[in-house]
Amino acid sequence: MYTQSLDVPGHADSAQIAAPQDDEVRQAAFDARMSADGKIEPQDWMPAAYRKTLVRQISQHAHSEIVGMLPEGNWISRAPSLKRKAILLAKVQDEGGHGLYLYSAAETLDASRDDLVDALHSGKAKYSSIFNYPTLTWADVGVIGWLVDGAAIMNQIPLCRCSYGPYARAMIRICKEESFHQRQGFDALLAMMRGTDAQRAMVQDAVDRWWFPVLMMFGPPDAASTNSAQTMAWGIKRISNDDLRQKFVDATVEQARVLGVTLPDPGLQWNAERAHYDYSPLDWDEFWRVINGDGPCNRERLATRVKAHEDGVWVREAALAHAAKQAEREAGERRAAA
Ligand code: 3HC
């Protein structure tokens, strides 16, 4: 997928940007591409700060997908039926795939995957706050699909138009899969809501616990978002944190009504003047605590990832040994043929 991005059809002016010109000329060409809402490809010249912020955002996103496998992976062996187990297995596997596309997209920016993974494991890199909350019941798995993946889609659809080609193309496939994830979550919850009183109570309890953390997934309010102004100017982010959050609230209220659950916010009400739902202020202290490593599951999540990485050492060593042997054999064949 990313190798194709090195030769993008219709991208005739790449050579002009890549040519060895002085920085001012290259910056002007980059700016012109931005003004024309064009795409930047890996072989193009780009300002160091653009590269750095892309690596920051794409790698945080990749880490979120990988850590995001854990809260639901925890339920694979306890899914209530074979059908739900097969769906959940496929979904968790998709998240792993998303992480891999995104690490590959970061590598097109000359980032080293080993460095990125080290930064996650040492606690230096961020990943989405939402995956530091526990999945206490089966209903939590449905709510992750409905709300967490629903919020992820709301945030990620605009990224399909991101100015960096490999990231934008990765997001197209990821969003298609996230859409299936959101629907399977809603479907699982609908089945429970049509079940017993105990099942309905379980769904409501899960919605009560996840609603506010999900709203915080969109990031801090615009006024406190340190990166937004620049990333929006560069066409990486297309819609601000608050605007995406509002779109998500507006879309979700009706879905909650269909499902028959109550969103746990007494301040949630239609504002005819704004033509949007109002909602209560969020607990940003909790958000920063979670991001800074002190959420309910931060330590457990990182310890699980580090252990998985360490347990996989022999696989990486075997793959490298196999590649070395293959290279040696091919070199021998070339020598024999010469
Ligand atoms: N969790 C953790 N950190 C967060 C965060 C969150 N929910 N929201 C914001 N932050 C961090 C930012 O990374 C930034 O930290 P940094 O400057 O040290 O890198 C800081 O808080 C300030 O926030 P900003 O608004 O300035 O940051 P951004 O402009 O980068 O916006 C973002 C944050 C909206 C998450 C943006 O990075 C983004 O759109 N990223 C791509 C999508 C993504 O990563 N989603 C994560 C969820 S993936 C997922 O849910 C998987 C799925 O399968 C369910």
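Visitor: Any chance you could break down the overall build of the protein chain for me, citing the residues and the numbers?
Guide: Within the protein chain one finds 14 helices and 2 strands. Whereas a compact globule of 338 residues would reach a radius of gyration of roughly 20 Å, the protein chain reaches 22 Å, a difference of no more than 12%. With the principal axes as the frame, the protein chain shows a C-alpha extent of 75 × 50 × 35 Å. A total of 338 residues make up the protein chain; the buried ones form 48% of that total. Counted over contacts in the protein chain with a minimum sequence separation of 6, partners at least 24 positions apart contribute 75%. Summing over all exposed atoms, the protein chain offers an accessible surface of approximately 17000 Å²; the carbon and sulfur share of this is 56%.

Visitor: So, the side chain of lysine 237: which residues are in play, and what are the values?
Guide: Here lysine 237 is to be found in the loop between helix 10 (228–233) and helix 11 (241–259). Despite its burial, lysine 237 pairs with no opposite charge; the closest candidate is aspartate 222, at 6.6 Å N-O. Of the polar contacts made by the side chain of lysine 237, one reaches the side chain of serine 228; its length is 2.8 Å. In contact with lysine 237, other than residues within four places in its own chain, are Ser225, Ser228, Thr231 and Met232.

Visitor: If you had to explain the layout of surface pockets to someone new, which residues and values would you point to?
Guide: What the largest pocket holds in volume is close to 1000 Å³. What lines the largest pocket is a set of 44 residues, and nearest its centre among them are Gln60, Ser128, Met217, Phe218 and Gly219. Elements that contribute at least two residues to the lining of the largest pocket include exactly helix 3 (48–67), helix 5 (82–107), helix 7 (138–156), helix 8 (165–193), helix 11 and helix 12 (284–294). It is helix 7 that contributes the most residues to the lining of the largest pocket, 7 residues altogether. Size it by volume and the second largest pocket reaches roughly 410 Å³. Residue contributions to the lining of the second largest pocket peak at 6 residues, all from helix 6 (residues 113–121). Residue composition of the lining of the second largest pocket, grouped by class: 7 nonpolar, 4 polar and 5 charged.

Visitor: Which residues make up the nonpolar core, and what are the values?
Guide: The biggest cluster of nonpolar side chains holds 81 residues, and the ones touching the most others in it are Tyr50, Ile58, Trp146, Tyr164, Tyr167 and Trp210. Take this core: its biggest share by element is 11 residues, from helix 8.

Visitor: Please provide a residue-by-residue account of the site of the ligand, values included.
Guide: Within the structure, the ligand sits among 34 residues, and Gln60, Glu95, Lys126, Ser225 and Lys237 are positioned closest to it. In this structure, a nitrogen atom belonging to the ligand sits 2.8 Å away from a main-chain N or O atom of serine 129. In isolation the ligand has 1000 Å² of accessible area, and contact with the protein removes 92% of it. With respect to the pocket detection grid, the ligand is positioned in the largest pocket.

Visitor: How would you sum up helix 7? Please name residues and give values.
Guide: Under the 1.5 Å per step criterion, the end-to-end length of helix 7 is 26 Å for 19 residues, consistent within 8% with the ideal 27 Å. At isoleucine 144, helix 7 shows its maximal bend, which comes to roughly 35 degrees. Of all 19 residues in helix 7, 17 are buried, a share of seventy percent or more.

Visitor: So what's going on with the packing of helix 5 against helix 8? Residues and values would help.
Guide: Viewed as axis vectors pointing N to C, helix 5 and helix 8 meet at an angle of 160 degrees, and their least axial separation amounts to 10 Å. Classified by the angle their axes make, helix 5 and helix 8 are roughly antiparallel. Seen along the crossing, helix 5 lies across helix 8 with a hand that is left-handed. In the contact of helix 5 with helix 8, the residues fall into 12 nonpolar, 3 polar and 8 charged.

Visitor: Lay out the side chain of asparagine 271 in plain terms, naming residues and giving numbers.
Guide: With respect to the helices and strands, asparagine 271 occurs in strand 1 (residues 269–271). Within the structure, the side chain of asparagine 271 is placed 3.0 Å from the side chain of aspartate 278, a separation counted as a polar contact. Apart from the residues lying within four places of it in its own chain, the contact partners of asparagine 271 are His276, Tyr277 and Asp278.

Visitor: Describe the packing of helix 9 (residues 197–216) against helix 11, with residues and values.
Guide: At a minimum axis distance of 9 Å, the contact between helix 9 and helix 11 shows a crossing angle of 145 degrees. Residue-level contacts link Trp211, Val214, Leu215 and Met216 of helix 9 to Arg245, Phe248, Val249 and Thr252 of helix 11. Looking at the contact of helix 9 with helix 11 residue by residue, the class counts come to 6 nonpolar, 1 polar and 1 charged.

Visitor: With reference to specific residues and values, describe the pattern of salt bridges.
Guide: Pairing of side chains with opposite charge becomes possible as their charged atoms draw close. For the structure on display, the rule yields 20 salt bridges. Here arginine 274 makes a salt bridge to aspartate 278, at a shortest N to O gap of 2.8 Å. For arginine 274, a relative accessible area of 38% puts it in the partly exposed group. Shared partners join several salt bridges into a network, and the residues in it are Glu72, Lys91, Glu95 and Asp149.

Visitor: How would you summarise unusual backbone geometry if you had to cite specific residues and measurements?
Guide: You will see that aspartate 110, though not glycine, has its phi angle at about 70 degrees, which is positive. Topologically, aspartate 110 is positioned in the loop between helix 5 and helix 6. Assessed through its relative accessible area of 66%, aspartate 110 is described here as exposed. One non-glycine residue, alanine 275, adopts positive backbone phi at about 60 degrees.

Criteria and thresholds
- Residues numbered from 1 in each chain as written.
- Predicted model: local features only at pLDDT ≥ 70, side-chain atom pairs only at ≥ 80, totals over all residues.
- Heavy atoms only, no water.
- Helix = DSSP H or I, 4+ residues; strand = E, 2+ residues; numbered from the N terminus.
- Rg over C-alpha atoms; globule rule 2.2 N^0.38 Å.
- Buried < 20%, exposed > 50% of the residue type's maximum accessible area, 1.4 Å probe, protein only.
- Contact = heavy atoms within 4.5 Å.
- Areas by Shrake-Rupley, 256 points an atom, 1.4 Å probe, with all protein chains shown as cover.
- Lys, Arg positive; Asp, Glu negative; His and termini not counted.
- Salt bridge = Lys/Arg side-chain N within 4 Å of Asp/Glu carboxyl O.
- Polar contact = N/O pair within 3.5 Å; in protein donor to acceptor, adjacent residues only side chain to side chain.
- 1 Å grid on protein atoms, 1.4 Å probe; cavity = no way out; pocket = protein on both sides within 12 Å on 5 of 7 lines; lining within 4 Å.
- Points joined across faces, edges and corners; volume = space filled by probe spheres on them.
- Nonpolar A, V, L, I, M, F, W, Y, C, P; charged D, E, K, R; others polar.
- Core = buried A, V, L, I, M, F, W, Y, C linked by side-chain atoms within 4.5 Å.
- Near = heavy atom within 4 Å.
- Sits in = over half its atoms within 2 Å of the grid points.
- Expected span 1.5 Å × (residues − 1).
- Bend = angle between axes of the 7 residues up to and from the residue.
- Axes fitted to C-alpha atoms, helices over the stretch in contact; angles between N-to-C directions.
- Parallel < 35°, antiparallel > 145°, perpendicular 65-115°, else oblique.
- Left-handed = near helix turned anticlockwise from the far one by under 90°.

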